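Tertiary structure, described
Listed below, chain by chain, are the residues.
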Amino acid sequence: MLISLHDINKKSVTKIVEFAITASQLVYNNEEIRTLEPIKVTGTVDVTEGVAAVKLTAKTRLSETCSRCLEEFERDLVVEIDEKIAEGGEEEGLVPVQEGGFIDLKDVVLNSIYISMPIKVLCKEDCKGLCQSCGTNLNIRECDCAPVDEDPRLSALKDIFKEV
Ligand SMILES: [Zn+2]
Ligand SMILES: [Zn+2]
């Protein structure tokens, strides 16, 4: 959805915004963002003297892979967007204004979703991950591997894994 920063006779215009983005696969830092349903966007855009105040809520449902246990899981994503966009604004994270003074709200939404994504996604806060020896998913069952901290060399390794 395109919003013009110039095409107004009045000093100020408020637009009620409601649209959906149907992209099912988005690529972010070489990782896919897999949406299970269209991204629903609602909100308002106020354009006053070439500055757009964008207030939107974007909702969708994601399919993700836990970076610790590698299981697939789903989660709801809600992103609140509150940005001011002006031509010539070079601030980081802002979507560039297109030729002719247009901003594409789709870009604004996708940009905000990208920024909101955590670097490491976990299926749950206390995910136990996979056994480093046999690969068992420790959320599902314990394995019979010897505790790794009996060997000081492995103990150092374990500390490294703790940070993951
Ligand atoms: Zn997990
Ligand atoms: Zn094991």
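None of these values were measured; they are calculated from a predicted model.

Points about the coordination of the zinc ion (ligand 1)
Ligation of the zinc ion (ligand 1) by protein atoms is provided by Cys-66 (SG), Cys-69 (SG), Cys-123 (SG) and Cys-127 (SG), these donors lying 2.3 to 2.4 Å from the ion. Given four donor atoms and angles of 105 to 113° at the metal, the environment of the zinc ion (ligand 1) is assigned as tetrahedral. When the donor residues of the zinc ion (ligand 1) are listed from N- to C-terminus, their spacing reads C-x2-C-x53-C-x3-C. When its relative accessible area of 28% is taken as the criterion, Cys-123 is described as partly exposed. With a relative accessible area of 5%, Cys-127 lands in the buried category.

Some words on the coordination of the zinc ion (ligand 2)
In this structure, Cys-131 (SG), Cys-134 (SG), Cys-143 (SG) and Cys-145 (SG) serve as the protein donors to the zinc ion (ligand 2), at separations of 2.2 to 2.3 Å. What the four donor atoms of the zinc ion (ligand 2) show is an angle range of 103 to 112° at the metal, which sorts the shape as tetrahedral.

Remarks on the side chain of Asp-104
As for its placement among the helices and strands, Asp-104 is situated in strand 8 (residues 102-104). The buried charged residue Asp-104 lacks any salt bridge, with Lys-106 as its nearest oppositely charged partner at 4.8 Å. Within the local environment of Asp-104, its side chain forms a polar contact with the backbone nitrogen of Met-1, the two atoms lying 3.4 Å apart. Not counting chain neighbours up to four residues away, the residues in contact with Asp-104 comprise Met-1, Leu-2 and Gln-98.

So, the environment of Leu-130
Structurally, Leu-130 can be placed in the loop between helix 1 (105-116) and helix 2 (152-162). Leu-130 gets classed as partly exposed once you look at its relative accessible area, which sits at 28%. As for Leu-130 and Glu-142, which are separated by 12 residues in sequence, their C-alpha atoms are 9.9 Å apart.

Focus: unusual backbone geometry
Despite not being glycine, Glu-49 shows a phi value in the positive range, around 45°. Along the polypeptide, Glu-49 turns up in the loop between strand 5 (39-48) and strand 6 (51-65). Judged by its relative accessible area of 57%, Glu-49 falls in the exposed class. Even without being a glycine, Leu-70 presents a positive backbone phi close to 65°. Within the secondary structure, Leu-70 is located in the loop between strand 6 and strand 7 (72-86). Looking at Leu-70, the relative accessible area reads 55%, which means it is exposed.

Some thoughts on the pattern of salt bridges
The final tally for this structure, using the stated rule, is five salt bridges. Here Arg-61 and Glu-74 are joined by a salt bridge, their closest N and O atoms 2.9 Å apart. Placement of Arg-61 in strand 6 and of Glu-74 in strand 7 is noted, with a sequence separation of 13 residues between them. A relative accessible area of 24% means that Arg-61 is categorised as partly exposed. Looking at Glu-74, the relative accessible area reads 47%, which means it is partly exposed. Note that Glu-64 and Arg-75 form a salt bridge whose closest N and O atoms lie 2.5 Å from each other. With Glu-64 in strand 6 and Arg-75 in strand 7, the pair connects residues that are 11 residues apart, well separated along the chain. By relative accessible area, which is 7% here, Glu-64 ends up buried. Looking at Arg-75, the relative accessible area reads 25%, which means it is partly exposed. When salt bridges that share partners are traced, they join Arg-61, Glu-74 and Asp-76 into one network.

Procedures and definitions
- Residues numbered from 1 in each chain as written.
- Chains lettered and ligands numbered in written order.
- Predicted model: local features only at pLDDT ≥ 70, side-chain atom pairs only at ≥ 80, totals over all residues.
- Heavy atoms only, no water.
- Donors = N, O, S within 2.8 Å, 3.2 Å for Na, K, Ca; no water.
- Tetrahedral: all angles 85-135°; square planar, octahedral: opposite > 155°, others 65-115°.
- Buried < 20%, exposed > 50% of the residue type's maximum accessible area, 1.4 Å probe, protein only.
- Helix = DSSP H or I, 4+ residues; strand = E, 2+ residues; numbered from the N terminus.
- Lys, Arg positive; Asp, Glu negative; His and termini not counted.
- Salt bridge = Lys/Arg side-chain N within 4 Å of Asp/Glu carboxyl O.
- Polar contact = N/O pair within 3.5 Å; in protein donor to acceptor, adjacent residues only side chain to side chain.
- Contact = heavy atoms within 4.5 Å.

In short, shape yes, function no, at least from these values alone.
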